[in-house]
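So the chains spell out like this:
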Amino acid sequence: MNIKEANEVDSVSYTTDFGFTFSAGLLFQLNWIDPNGAFEGRKNFGLQNTYLDLFITKQTAPVNPDDPDTSTDMAYGAGLRVEF
């Protein structure tokens, strides 16, 4: 990761070593809610499935302890995932 911080007086840039990102989640299929709509979507557009996506993600600190800490807290998210 390349990081650059600047203000009116000074500018500093860093390049960090690699780190890890972990994600876990669940997909809930939504086709059963509207079977006729799911059938029409498949027939007309090739839409196979629609899911509600719930997930958590965490980024760890870089491997090199001298690099700036780019770790994050757990981030929670939700989205709509479609499968063609």
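In what follows, the structure referred to is the one given above.
This text gives an overview of the structure that appears in the document. Bear in mind that the values here come from a model prediction, so they are computed numbers and not experimental data. (Residues numbered from 1 in each chain as written. Predicted model: local features only at pLDDT ≥ 70, side-chain atom pairs only at ≥ 80, totals over all residues. Heavy atoms only, no water.)

1. Structural notes on the overall build of the protein
Secondary structure assignment for the protein yields one helix and five strands. Each helix and strand of the protein, ordered N terminal to C terminal, gives the series β-β-β-α-β-β. Taken over the C-alpha trace, the protein has a radius of gyration of 21 Å; the compact-globule value for 84 residues is 12 Å, which it surpasses by more than 25%. Summarising its shape, the C-alpha atoms of the protein cover approximately 60 × 25 × 20 Å along the three principal directions. When each of the 84 residues of the protein is scored for burial, the buried share is 14%. Put simply, 57% of the contacts in the protein that link residues at least 6 apart link residues at least 24 apart. Accessible surface for the protein amounts to roughly 6700 Å². Of this, 57% is attributable to carbon and sulfur atoms. In the protein, the 5 positive side-chain charges and the 12 negative ones have mean positions that sit 15 Å from each other. (Helix = DSSP H or I, 4+ residues; strand = E, 2+ residues; numbered from the N terminus. Rg over C-alpha atoms; globule rule 2.2 N^0.38 Å. Buried < 20%, exposed > 50% of the residue type's maximum accessible area, 1.4 Å probe, protein only. Contact = heavy atoms within 4.5 Å. Areas by Shrake-Rupley, 256 points an atom, 1.4 Å probe, with all protein chains shown as cover. Lys, Arg positive; Asp, Glu negative; His and termini not counted. Charge placed at Lys NZ, Arg CZ, Asp CG, Glu CD.)

2. Looking at the side chain of Asp 53
If you trace the backbone, Asp 53 turns up in strand β4 (residues 49-59). Only 3.0 Å separates the side chain of Asp 53 from the side chain of Arg 81, close enough to count as a polar contact. Among all residues touching Asp 53, those that are not within four sequence positions of it are Leu 26, Leu 27, Gly 77, Ala 78, Gly 79 and Arg 81. (Polar contact = N/O pair within 3.5 Å; in protein donor to acceptor, adjacent residues only side chain to side chain.)

3. Side note on the pattern of salt bridges
If you walk through the whole model with that rule in mind, you get two salt bridges. Residue Glu 40 pairs with Lys 43 through a salt bridge whose shortest N-O separation is 3.6 Å. Placement of the pair is Glu 40 and Lys 43 together in helix α1 (residues 35-45), with a separation of three residues, close to one helical turn. With a relative accessible area of 53%, Lys 43 lands in the exposed category. As a salt-bridge pair, Arg 81 and Asp 53 come within 3.0 Å of each other at their nearest N and O atoms. With Arg 81 in strand β5 (residues 75-83) and Asp 53 in strand β4, this pair connects stretches of sequence that are 28 residues apart. Judged by relative accessible area, Asp 53 falls into the buried class, the value being 12%. (Salt bridge = Lys/Arg side-chain N within 4 Å of Asp/Glu carboxyl O.)

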